[in-house]
Amino acid sequence: MEALLRVFGGLLIVGPKWCGKSWTASNQANSEVYIDESDNKRRAFLIPDAVLDGPEPRLIDEWQEAPVLWDTARRMIDKEHRAGMFIFTGSADPDFKDSERPSHTGTGRFARIRMRTLSLYEEGVSNGIISLSALFEEKPFRPCASDMDFRKALHLICKGGWPASFWIGEREASLIATQYLNMVINEDISRADGTKRDPALVRLFMNSLARNSATMVKATRLKADITEREGGGISEQTIRGYYEALKKIFVIEEQEAWAPSLRSRSKIRSTPKRHFTDPSLAAAALGATPDILANDIKTAGFLFETLCFRDLSVYMDAMDGYVFHYCDKDGLEADAILQLPDSRWGAVEVKLGTFEFDKAAGNLLKLAKKLASEARPPSFLAIITASGGMAWKRDDGVFVIPIDCLAP
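The structure contained in this document is the topic of the report that follows. (Residues numbered from 1 in each chain as written. Predicted model: local features only at pLDDT ≥ 70, side-chain atom pairs only at ≥ 80, totals over all residues. Heavy atoms only, no water.)

## Focus: the overall build of the protein
The secondary structure content of the protein amounts to 16 helices and 16 strands. Relative to the globule expectation of 22 Å for 408 residues, the C-alpha radius of gyration of the protein, 22 Å, shows essentially globular dimensions. The proportion of buried residues among the 408 residues of the protein is 53%. A sequence separation of at least 24 residues applies to 71% of the contacts in the protein between residues at least 6 apart. Distance from the positive charge centre (53 side chains) to the negative charge centre (57 side chains) of the protein: 4 Å. (Helix = DSSP H or I, 4+ residues; strand = E, 2+ residues; numbered from the N terminus. Rg over C-alpha atoms; globule rule 2.2 N^0.38 Å. Buried < 20%, exposed > 50% of the residue type's maximum accessible area, 1.4 Å probe, protein only. Contact = heavy atoms within 4.5 Å. Lys, Arg positive; Asp, Glu negative; His and termini not counted. Charge placed at Lys NZ, Arg CZ, Asp CG, Glu CD.)

If you want it as structure tokens, here you go:
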């Protein structure tokens, strides 16, 4: 944020509710206004310049409630030619009416940051000894001990990375995702695009999506799943409407497919993987507790992959990098491909238990060999896990890294 505010006139921060956008922004701002307060919303439509007036950077929280502020701020940035004038935050990608739609995207005036719930490193759960940036730089690897185990991973999945968990107990923290989900089902998903939706069907949809977390599930599969349990018909168009509405309010996130090169000879499957923005939301949608997940290892593995995707996304954001997945027509896959802007990349498999390490390592080595003629050699190959007790390097060169040892 500090770097971007030295370059751009405005900064837009987006992400799910309760992930800490307002608190983070207020710590960089010198004045603030909250648009979801009724008086401020009315003032914004009547006298937008006055609402934007104040010591800079000025925080405009939940700006999408008064979209007129976007164009007004953009014009002020153009006129003043100053960096660090505004910080806009929003917990929804606006679904503007034509009469409200800003006339300019803000390109060149606003930078954009996506915030997520807290990574394990930000929570203080990860010791941070294994640095992703060091792996990309291929520095000497230093083995280290891990405190992670299967049971602890399940508790972290169900608790989630909500900042509020810092000041309440673990038992109470598990209620956050449940109540968050209830608000999404009964209120937020309908407000996302102004379409009234049946909460019972939305709950079934989210349960089905959670059971397919971290997969390339398609609308046809979700439709069939809901129809089988609900007993009535539901259209694919309705399913897609639910999905797009949840994307707008940052409840779900897509992990895009990776192509090693524009001229790749391998036919790459382009369907993204679907994740809840925090693993606790998937657990809540399933009604899952750590004890329930302990008896369903397959589901626990998918939810652990969503936790790892969140953490890797946070860490790669810090390096202006990306987190993709890989899947080709021959069935060769990698759970995550981490790529930097200069095209350096690393491949990751996510495994809860040690019994899958040999297979995962073999898969990563096969991937690196197959892509040798299409992409530069990977900076690293790694298995991210909740087991093993140590971060170490295998004889075949593949790193084994417990998630509580990882940092940017």
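From this point on, the discussion continues.
## Section: empty space enclosed by the protein
Counting across every chain of the model gives one cavity of 30 Å³ or more. Size it by volume and the largest cavity reaches roughly 40 Å³. Residue assignment for the lining of the largest cavity shows that the elements contributing at least two residues are α15 (297-317) and β11 (333-339). Counting residues per element, the lining of the largest cavity draws most heavily on α15, at four residues. Residues belonging to the lining of the largest cavity are distributed by class as follows: five nonpolar, one polar and two charged. (1 Å grid on protein atoms, 1.4 Å probe; cavity = no way out; pocket = protein on both sides within 12 Å on 5 of 7 lines; lining within 4 Å. Points joined across faces, edges and corners; volume = space filled by probe spheres on them. Nonpolar A, V, L, I, M, F, W, Y, C, P; charged D, E, K, R; others polar.)

## Some details on the state of the cysteines
Throughout the structure, instances matching the rule amount to zero disulfides. C327 takes part in no disulfide bond, and the closest cysteine sulfur, belonging to C308, lies 19 Å away. (Disulfide = S-S within 2.5 Å.)

## Overview of helix α11 (residues 219-230)
Residue pairs three or four apart in sequence face the same way in an α-helix, which turns once every 3.6 residues. The first and last C-alpha atoms of α11 sit 16 Å apart over 12 residues, in line with the 16 Å expected at 1.5 Å per residue. All of the buried residues in α11 are A219, L222, D225 and I226. Projected down its long axis, α11 shows its buried positions confined to an angular sector of 130°, all on one face. In α11, those exposed residues whose orientation departs by more than 90 degrees from the buried face are R221 and E228. (Expected span 1.5 Å × (residues − 1). Arc of directions from axis to C-beta.)

## Remarks on the sheet that holds strand β14 (residues 390-393)
Read from one edge to the other, the open sheet built from seven strands follows the order β7-β14-β15-β13-β12-β11-β10, with strand pairing classed as mixed. The strands lining the two open edges of the sheet, one partner per strand, are β7 (144-145) and β10 (322-327). In this sheet, β14 lies alongside β7 in antiparallel orientation, the contact comprising two bridges. Bridge pairing links C144 to A391 in β14. Its contacts with the sheet put helix α16 (residues 357-370) on β10, β11, β12 (345-351), β13 (380-385) and β15 (399-402), and the angle it makes with β13 is roughly 155°. (Pairing = 2+ DSSP bridges. Axes fitted to C-alpha atoms, helices over the stretch in contact; angles between N-to-C directions.)

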